[in-house]
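The residues making up each chain are set out below.
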Amino acid sequence: MKYWLMKSEPNVFGIDDLKKVKKEPWDGVRNYQARNFMRDEMKKGDMVLFYHSNCDVPGIVGTAEVSKESFPDFTSWDKKSKYYDPKSSEENPRWFMVEVKYKKKFKKTVSLQDMKEMKPLKDMKILQKGNRLSITPVSKKEFDYIVKVSEK
DNA sequence: GCCAACGTTGGC
DNA sequence: GCCAACGTTGGC
């Protein structure tokens, strides 16, 4: 089983939205590296740290689980979608996504600021300078540590 | 709203 | 295939 961190903007789609709808296709990713993770490496049952970006307190707010493996991102050939990409089509899709399922909302957000001070997390991609990737792998150790911290 | 750090695009 | 210009991300 693998572990991941997925970023989302709470004013677009946050942990509360996921809680409400239970399951959600992770559409709109238009970055090849992130796409490759979803297409090739994310498997059903993998665990996800749900990260809020572009908000008052950026940080990890809960967990989710991969509930459906790689399938084409249909918003990419929907002309009405803001994620429309003319180079992608139903016959030859360029973008892929997974579906994630709500697991848990943390009682307390593990903020980016706090994470920066936690030694066991020092190698996390999200904490490296200049990293903008919306999906990054995390280790089991990091995952467990963050869950533990959120329960304190 | 600023801006650093990236990723992508397209002319050559 | 290089690289300048442009667009986006996301913390602050």
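Structure's up top.
Cut-off values and rules
Position numbers for residues count from 1 along each chain, tracking the sequence in the order it is written. Both sets of labels track the order of writing: A upward for chains, 1 upward for ligands. Given that the model is predicted, a residue must reach a pLDDT of at least 70 before its local features are reported, and side-chain atom pairs must reach 80 or more before they are shown or counted; all residues, however, enter totals for whole chains, interfaces and linings. To get the side-chain values, take all heavy atoms of the structure and skip hydrogens and water. We define proximity as follows: a residue is near a molecule or strand when any one of its heavy atoms falls within 4 Å of that partner. Distance and chemistry together define a polar contact, namely a pair of N or O atoms within 3.5 Å, with one atom able to donate a hydrogen and the other to accept it when in protein, and with adjacent residues in sequence counting only for side-chain atoms on both sides. Just so you know the grouping, Ala, Val, Leu, Ile, Met, Phe, Trp, Tyr, Cys and Pro go in nonpolar, Asp, Glu, Lys and Arg go in charged, and all remaining residues, Gly too, go in polar. Throughout, exposure labels follow a simple rule: accessible area from a 1.4 Å probe, protein chains only, divided by the maximum for the residue type, with under 20% read as buried, over 50% as exposed, and the rest as partly exposed. In this text, helices come from DSSP runs of H or I with a minimum length of four residues, and strands from runs of E with a minimum of two, each type numbered from the N-terminal end. In this scheme, strands are said to pair when DSSP sees at least two bridges between them. In this context, the arc is that of the directions from the helix axis out to the C-beta atoms. Whether two residues touch is decided by their heavy atoms; if any such pair falls within 4.5 Å, the residues are in contact. In the sections that follow, a salt bridge refers to a side-chain nitrogen of Lys or Arg positioned within 4 Å of a carboxyl oxygen of Asp or Glu. The definition of a nonpolar core used throughout is a set of buried Ala, Val, Leu, Ile, Met, Phe, Trp, Tyr and Cys residues joined through side-chain atoms within 4.5 Å.

Remarks on the protein's contact with DNA strand C
Every residue near DNA strand C is listed here: Lys7, Tyr51, Ser53, Asn54, Pro58, Leu112, Lys116 and Arg132. Taken together, the sugar and phosphate atoms account for 70% of what DNA strand C places within 4 Å of the protein. In the environment of DNA strand C, a phosphate oxygen lies 2.6 Å from a nitrogen or oxygen atom belonging to the side chain of lysine 7. Of the residues belonging to the surface near DNA strand C, the class tally is three nonpolar, two polar and three charged.

Some remarks on the pairing of strand 1 (residues 3–8)
Here strand 1 lies mainly inside the structure; six of its six residues are buried. Along strand 1, one buried face is formed by Tyr3, Leu5 and Lys7 and the opposite face, lined by Trp4, Met6 and Ser8, is buried too. Looking at chain direction, strand 1 and strand 3 (residues 47–52) are connected through six bridges and run parallel. The residue of strand 3 that forms the bridge with serine 8 is histidine 52.

Concerning helix 5 (residues 140–150)
Taken together, the buried positions of helix 5 are occupied by Glu142, Phe143, Ile146, Val147, Val149 and Ser150. Along the axis of helix 5, the buried positions cluster into a sector of 165°, meaning they face one direction only. Next to the buried residues of helix 5 lie strand 1, strand 3, strand 4 (59–72), strand 5 (96–111), helix 4 (112–116) and strand 6 (135–138).

Section: the protein's contact with DNA strand B
The environment of DNA strand B is made up of Tyr32, Lys87, Lys129, Gly130 and Arg132. Counting only the atoms of DNA strand B that lie within 4 Å of the protein, the sugar and phosphate share comes to 60%. Residue lysine 129 places a main-chain N or O atom 3.0 Å away from a phosphate oxygen belonging to DNA strand B. With respect to DNA strand B, the side chain of arginine 132 contributes an N or O atom lying 2.6 Å from a base oxygen.

Quick notes on the pattern of salt bridges
All told, the structure shown has eight salt bridges when counted by the stated rule. Among the salt bridges present, the one from lysine 2 reaches glutamate 41, with a minimum N-O distance of 3.7 Å. With lysine 2 in the segment before strand 1 and glutamate 41 in helix 3 (residues 32–41), this pair connects stretches of sequence that are 39 residues apart. Since its relative accessible area comes to 31%, glutamate 41 is described here as partly exposed. Among the salt bridges present, the one from aspartate 40 reaches arginine 39, with a minimum N-O distance of 2.8 Å. In this structure arginine 39 comes out as partly exposed when scored by relative accessible area, which is 31%.

Some remarks on the nonpolar core
Formed by 23 residues in total, the largest nonpolar core has its most connected members in Met6, Trp26, Met38, Met42 and Ile135. Elements with a contribution of two residues or more to this core: strand 1, helix 2 (15–21), helix 3, strand 3, strand 4 and strand 5. Beyond its immediate sequence surroundings of up to four residues, methionine 42 is in contact with Trp4, Met6, Phe37, Val48, Val66, Glu69, Val98 and Ile135. Ile60, Leu112, Val138 and Val147 belong to the second largest nonpolar core, which has 19 residues in total.

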